[in-house]
Amino acid sequence: MRPFQLLAGPGEVTDAHSLAAAARRAESIGIDVLVVTDHLIDQLAPLAAMTAAAGATERLRVGTFVFNNDLRHPAVLAQELASIDVLSGGRLQVGIGAGWNEPEYAAIGLPFEPVRVRQARLIEAIAVLKGCFADGSSSFVGEHYAIHDYDARPKPLQRPHPPFLIGGGGRRTLELAAREAQIVGLAPRILAGQRTDPRSITVAGTAEKIGWARDAARERFGDLRLNVYPSGWPVTVTDHPRSVAAQLVDRFRSRTGIELTEDEVLDSPHVFVGSIDGLETKIREQRDRLGIDSIMVGELGELDLLVERLAGT
């Protein structure tokens, strides 16, 4: 059984000093990867933030959770990422997905195309990124990208490439992750209107997604990490989790018409509600039952004690 891989976001940062302090804090408590989101909101741009965090630490890996593929050409992104891997001494992790937040597309006039188009573009982008990271020149001609005898420089230190985390809630994206990534991000499915499908965050829904990944990965499944993260409700440390679960049940019912039980909510790998002892037990049990060993704990702060208990185990 592999030790957990623990990921966290830096929380609110306002300048280089606060980001460096957050990165050093993450490293000191046992976080393996400090990750930055990729949204067109009030946040630091991920590539710059990753570079600064890596420069402030010695062992901490840096990555994204996750890049929106539609915001950058993959060959340009490859140069940026390889540069971070070189500057950090090989501490980069690449998180990438097909993009999902339609209001951000509308805000900058970027077409929000059907999910099948965004997924197809992501499949091609992964091929372009890996071609750029490989030794020598590469070519790729697809529906969305065309690369002609391009020897991308620099090359990343990690060979054949930095580890990929590909996340999604739909079958096609998870099958891509199982074939191409080292970490499969188990995300909730998104319903119309940007709403989370509550059924997809239950243990049963998660097991179904893992089954899709297992079938697609075949013999490489045993080498994959499976990742989960808080979704649908903020991280809540409490000795009275059922009162919070009742609120979540009501919230899902009012937003989607779908009814979950309190037990289904509290057992969900995506719901981080409970005491530190209770959350530790739950996370260890889901590793035993489902093989989930990559945990995004949210932002640094409330779960630091849990991180210290899980780190290295």
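Everything below is about the structure printed above this text.
Owing to the predicted nature of the structure, the values given are computational and were not obtained by experimental measurement. (Residues numbered from 1 in each chain as written. Predicted model: local features only at pLDDT ≥ 70, side-chain atom pairs only at ≥ 80, totals over all residues. Heavy atoms only, no water.)

1. Structural notes on the overall build of the protein
Inference 1: In terms of helices and strands, the protein carries 11 helices and 15 strands.
Inference 2: Taking 20 Å as the expected radius of gyration for a compact globule of 313 residues, we find that the protein reaches 19 Å, a close match to that expectation.
Inference 3: Once the C-alpha set of the protein is aligned to its principal axes, its extents read approximately 60 × 45 × 40 Å.
Inference 4: Here the protein, with 313 residues, has 54% of them falling under the buried criterion.
Inference 5: Considering only contacts within the protein whose residues lie at least 6 apart along the sequence, 70% involve residues at least 24 apart.
Inference 6: On the protein, roughly 13,800 Å² of surface is accessible, and the fraction owed to carbon and sulfur atoms is 52%.
Inference 7: Once the 34 positive and 41 negative side-chain charges of the protein are each reduced to a mean point, those two points are 4 Å apart. (Helix = DSSP H or I, 4+ residues; strand = E, 2+ residues; numbered from the N terminus. Rg over C-alpha atoms; globule rule 2.2 N^0.38 Å. Buried < 20%, exposed > 50% of the residue type's maximum accessible area, 1.4 Å probe, protein only. Contact = heavy atoms within 4.5 Å. Areas by Shrake-Rupley, 256 points an atom, 1.4 Å probe, with all protein chains shown as cover. Lys, Arg positive; Asp, Glu negative; His and termini not counted. Charge placed at Lys NZ, Arg CZ, Asp CG, Glu CD.)

2. Comments concerning a negative patch on the surface
Inference 1: A contiguous patch of negative charge, built from Glu264, Asp267, Glu285 and Asp288, is present on the exposed surface.
Inference 2: Among the secondary structure elements, those contributing two or more residues to the negative patch are helix H9 (262-267) and helix H10 (276-290). (Patch = residues over 30% accessible without salt bridge, like charges linked within 9 Å, V, L, I, M, F, W, Y side chains within 5 Å. Salt bridge = Lys/Arg side-chain N within 4 Å of Asp/Glu carboxyl O.)

3. Some details on helix H5 (residues 115-133)
Inference 1: The terminal C-alpha atoms of H5, which comprises 19 residues, lie 27 Å apart, in line with the 27 Å expected from a rise of 1.5 Å per residue.
Inference 2: H5 sits mainly inside the fold: 15 of its 19 residues count as buried. (Expected span 1.5 Å × (residues − 1).)

4. Some details on the pairing of strand S7 (residues 146-150)
Inference 1: Where strand S6 (residues 138-141) meets S7, 3 bridges bridge the pair, whose relative direction is antiparallel. By the bridge assignment for S7, Ser138 is matched with Tyr150.
Inference 2: The turn joining S6 and S7, which pair antiparallel and follow one another in sequence, is formed by 4 residues. (Pairing = 2+ DSSP bridges.)

5. Remarks on the nonpolar core
Inference 1: In this structure, Ile31, Leu81, Ile96 and Ile295 are the most contacted members of the largest nonpolar core, which totals 71 residues.
Inference 2: When residues in this core are grouped by element, the largest group, 7 residues, is from H5.
Inference 3: Residues in contact with Ile295, not counting those within four places in the same chain, are Phe4, Gln5, Leu6, Leu7, Asn227, Val228, Phe272, Ile283 and Gln286.
Inference 4: Grouped together as the second largest cluster of nonpolar side chains are 12 residues, Leu248, Phe252, Val265 and Val271 included. (Core = buried A, V, L, I, M, F, W, Y, C linked by side-chain atoms within 4.5 Å.)

6. A look at H10
Inference 1: The end-to-end C-alpha separation of H10 is 21 Å, in line with the 21 Å expected for 15 residues at 1.5 Å each.
Inference 2: Among all positions in H10, only Ile276, Leu279, Glu280, Lys282, Ile283, Gln286, Arg287 and Leu290 are buried. Taken around the axis of H10, the buried residues stretch over an arc of 165 degrees, which confines them to a single face. Among the exposed residues of H10, those oriented more than 90 degrees off its buried face are Asp288 and Arg289.
Inference 3: Gly291, located one to two residues past H10, shows a positive phi value of around 80 degrees. (Arc of directions from axis to C-beta.)

7. Here we look at unusual backbone geometry
Inference 1: The step from Phe65 to Val66 runs through a cis peptide bond, and the omega angle for that step is -15 degrees.
Inference 2: Between Arg159 and Pro160 the backbone carries a cis peptide bond, its omega angle lying at 0 degrees.
Inference 3: Even without being a glycine, Arg218 presents a positive backbone phi close to 55 degrees.
Inference 4: Note on placement: Arg218 falls in the loop between helix H7 (203-217) and strand S12 (225-228).
Inference 5: Arg218 gets classed as exposed once you look at its relative accessible area, which sits at 65%.

8. Notes on the packing of helix H6 (residues 171-180) against H7
Inference 1: Contact geometry for H6 and H7: axes closest at 8 Å, N-to-C directions at 45 degrees. With respect to their mutual orientation, H6 and H7 come out oblique. Where H6 crosses over H7, the handedness of that crossing is right-handed. Note on element contacts: H7 touches H6 through Lys209, Trp212, Ala213, Ala216 and Ala217, opposite Arg171, Leu174, Glu175, Ala178 and Arg179.
Inference 2: Taken together, the residues of the contact of H6 with H7 sort by class into 6 nonpolar, no polar and 4 charged. (Axes fitted to C-alpha atoms, helices over the stretch in contact; angles between N-to-C directions. Parallel < 35°, antiparallel > 145°, perpendicular 65-115°, else oblique. Left-handed = near helix turned anticlockwise from the far one by under 90°. Nonpolar A, V, L, I, M, F, W, Y, C, P; charged D, E, K, R; others polar.)

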